[in-house]
Amino acid sequence: AALPLEERLKARIIDGEKNGLEADLDEALTARPALEIVNDTLLEGMKVVGELFGSGQMQLPFVLQSAEVMKNAVAYLEPHMEKSDTEGKGTIVLATVRGDVHDIGKNLVDIILSNNGYHVVNLGIKQPVSAILEAAEEHKADVIGMSGLLVKSTVIMKENLQELNQRKLAADFPVILGGAALTRAYVEQDLHEIYEGEVRYARDAFEGLRLMDALIAVKRGVPGARLPELKQRRVKASNVQVEEQPADGPARSDVAVDNPIPTPPFWGTRVIKGIQLKEYASWLDEGALFKGQWGLKQARTGDGPTYEQLVETEGRPRLRGWLDELHTKNLLEAAVVHGYFPCVSKGDDLIILDDAGNERTRFSFPRQRRGRRLCLADFFRPEESGEVDVVGLQVVTVGSKIGEATAELFAADSYRDYLELHGLSVQLAEALAEYWHARVRSELGFAGEDPAAMEDMFALQYRGARFSLGYGACPNLEDRAKIAELLEPERIGVQLSEEFQLHPEQSTDAIVIHHPEAKYFNAR
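Residues numbered from 1 in each chain as written. Predicted model: local features only at pLDDT ≥ 70, side-chain atom pairs only at ≥ 80, totals over all residues. Heavy atoms only, no water.

Draft legend 1. Focus on the pattern of salt bridges. This structure, assessed with the given rule, holds 35 salt bridges. A salt bridge links E383 to K346, with the nearest nitrogen and oxygen atoms 3.6 Å apart. Of this pair, E383 sits in the loop between strand 9 (359-364) and strand 10 (389-397) while K346 sits in strand 7 (residues 335-346), placing them 37 residues apart in sequence. Residue K346 is classed as partly exposed on the basis of its relative accessible area, which comes to 45%. Notably, a salt bridge pairs E443 with R439, separated by 3.7 Å at the nearest N-O pair. Taken together, the positions of E443 and R439, both in helix 14 (residues 415-443) and four residues apart, correspond to about one turn of that helix. According to the relative accessible area criterion, R439 is partly exposed, its value standing at 35%. (Salt bridge = Lys/Arg side-chain N within 4 Å of Asp/Glu carboxyl O. Helix = DSSP H or I, 4+ residues; strand = E, 2+ residues; numbered from the N terminus. Buried < 20%, exposed > 50% of the residue type's maximum accessible area, 1.4 Å probe, protein only.)

This is the structure we're talking about:
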């Protein structure tokens, strides 16, 4: 409390400290109008937070803690503001595009922009372009932001930009795009070429904030305002077509066809419900959770804590707290449906057989055009061998309650808890899938080949592999319908949407392959 009031308020934002906030704001209101406190003091604090995050000195969970304090402060001051005061710095309409259910990245952008003075209209997930444009016109948006995690979403973003062109709206709406499947070159070269307005790529929420600042400044004619330079490709895209598939090349890769075929404990499917957290908690990948989901990492500059110190002071204590809460509130409903099916391969196809040996359904997988020319079908006995192989299929879920609890945290502006519970739910579904894959290896009789150390398990040093749809070796999401038909995952409360997304979100499916040579690869 020794700091002058203005410094104290700024420090509260930077430190994410709520205690005593309202008393300080009451004191500030005796000297200055509410809007001035927001613009000159609180937003200055958020600006420092952004700089600290950008320089690697501040971790994402603490950024969100600062944003929570900012949100509380603005909410407290709002009754003291004139209506005209609240128009803010500019408006953005944010949406996850049609067919995509992922919203954590978009919601982080919402948190950072709304707590830096912008008006954010967050439409949610699976938004068609018509709904995005309707909202943009209704709210007189300055900018449109579109997000998506799936590879397919990058195509939908392109179609959405073309729709804006057709409707002659490109000049009215600059667009910011973000999401894991996008690259800067794709957005700022390929999409920039087709879009008749401005389109930019935001790697994270703070780049989104910098772009928003620049776009609004340009729009409002601020002297010297300009957008960041477009990123140029290092190598020009070539128009030369390379013949990648030699006509006389082998039709199949060199994957062995004489490996022993294990005998499954049963044919068909089984449903397992009520799996306790303690059964699969040891399969939780802490590195993926703390670094990938929670954003804990060592400071790039200064004398901040090491990653190991952050794990001990923040990561593990918070994780223990969350696991206790999930247990006491009964938020996990872990369930699995899995099965073993007779099969053979033919070319690039995996053919699932019925009891009589006739075709029941088939999966067609892409083949690499160079190198070993791998294809998932190669890991199963070819039809002409006369032998029948076995494939495992599984769908696992941690249920819908944890997703509902996560959404409630976001709605309540509990930003750090939202990030942490969402990340934990993703990794718990992954842990359950790994735990069940280990069970399958045991049932097929080769669990003895598993490595002793858990980190070697996470490094996939066990026999065989678990391939989830939508990734490199099996990119076709439509194949989920075939897995759903075989496993009937609605028996464990998992539904397949029209866009071939699993609901609840924290559910995963997989094709489980026993072949010793089966490892992840990209077929493209």
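Draft legend 2. Region of the structure containing the packing of helix 5 (residues 104-114) against helix 14. Where helix 5 contacts helix 14, the axes come no closer than 12 Å and their chain directions differ by 170°. One element, helix 5, and the other, helix 14, form an angle in the roughly antiparallel class. Between helix 5, through I104, N107, L108 and I111, and helix 14, the contact on the second element is made entirely by Y415, Y418, L419 and H422. Grouping the amino acids of the contact of helix 5 with helix 14 by side-chain chemistry returns six nonpolar, two polar and no charged. (Axes fitted to C-alpha atoms, helices over the stretch in contact; angles between N-to-C directions. Parallel < 35°, antiparallel > 145°, perpendicular 65-115°, else oblique. Contact = heavy atoms within 4.5 Å. Nonpolar A, V, L, I, M, F, W, Y, C, P; charged D, E, K, R; others polar.)

Draft legend 3. Expanded view of the pairing of strand 10. Judged by how many residues are buried, strand 10 sits mostly within the fold: nine of nine residues are covered. Judged by which residues are buried, strand 10 turns out to be covered on both faces: D389, V391, L393, V395 and T397 on one side and V390, G392, Q394 and V396 on the other are all buried. Relative to strand 10, strand 7 runs antiparallel, the two being bridged by nine bridges. Each bridged residue has a counterpart across the sheet, and for A335 the counterpart in strand 10 is T397. Bridge count between strand 10 and strand 14 (residues 507-513): six bridges; the pairing is antiparallel. (Pairing = 2+ DSSP bridges.)

Draft legend 4. Highlighting the confidence of the model for the protein. On average, residues of the protein score 92 in pLDDT, and 95% of them reach the 70 mark or higher. A low-confidence stretch, residues 237-244 stays under pLDDT 50, and its non-local contacts, those more than four residues away or across chains, total two contacts. (pLDDT = per-residue confidence, 0-100.)

Draft legend 5. Region of the structure containing helix 2 (residues 21-29). L21, D24, L25 and A28 are the residues of helix 2 that are buried. The buried residues of helix 2 occupy an angular sector of 100° when the element is viewed end-on, so they sit on one face. Among the structural elements, helix 1 (5-15), helix 3 (34-54) and helix 4 (60-77) are those in contact with the buried residues of helix 2. (Arc of directions from axis to C-beta.)

Draft legend 6. Focus on the pairing of strand 4 (residues 175-178). Neither face of strand 4 is open: one carries V175 and L177, the other I176 and G178, and all of them are buried. Where strand 3 (residues 143-147) lies against strand 4, four bridges are found, and the strand directions are parallel. Following the sheet pairing, M146 is matched in strand 4 by L177. Viewed along the sheet, the connection from strand 3 through helix 7 (residues 151-166) into strand 4 turns out right-handed. Sheet topology note: the strand 4/strand 5 (residues 199-201) ladder contains three bridges and is parallel. Residue pairing in the sheet places L177 in a bridge with Y201 of strand 5. For the crossover from strand 4 across helix 8 (residues 184-194) to strand 5, the handedness is right-handed. (Right-handed = clockwise from strand over helix to strand, strands pointing away.)

Draft legend 7. How the structure looks around the side chain of T361. Mapped onto the elements of the fold, T361 is located in strand 9. Filtering out sequence-adjacent residues up to four positions away, T361 remains in contact with L350, I351, I352, K482 and L486.

Draft legend 8. Fine view of the domain arrangement of the protein. Split by domain assignment, the protein resolves into domain 1 (5-80), domain 2 (90-220) and domain 3 (268-513). Each of domain 1 and domain 2 has a C-alpha centre, and these two points are 27 Å apart. Each side of the interface is counted separately: domain 1 has 11 residues, and domain 2 has nine residues. A combined buried area of about 810 Å² lies between domain 1 and domain 2, and 75% of that area is made up of carbon and sulfur atoms. (Domains from an automatic or database assignment. Buried area = accessible area lost by both parts, 1.4 Å probe.)

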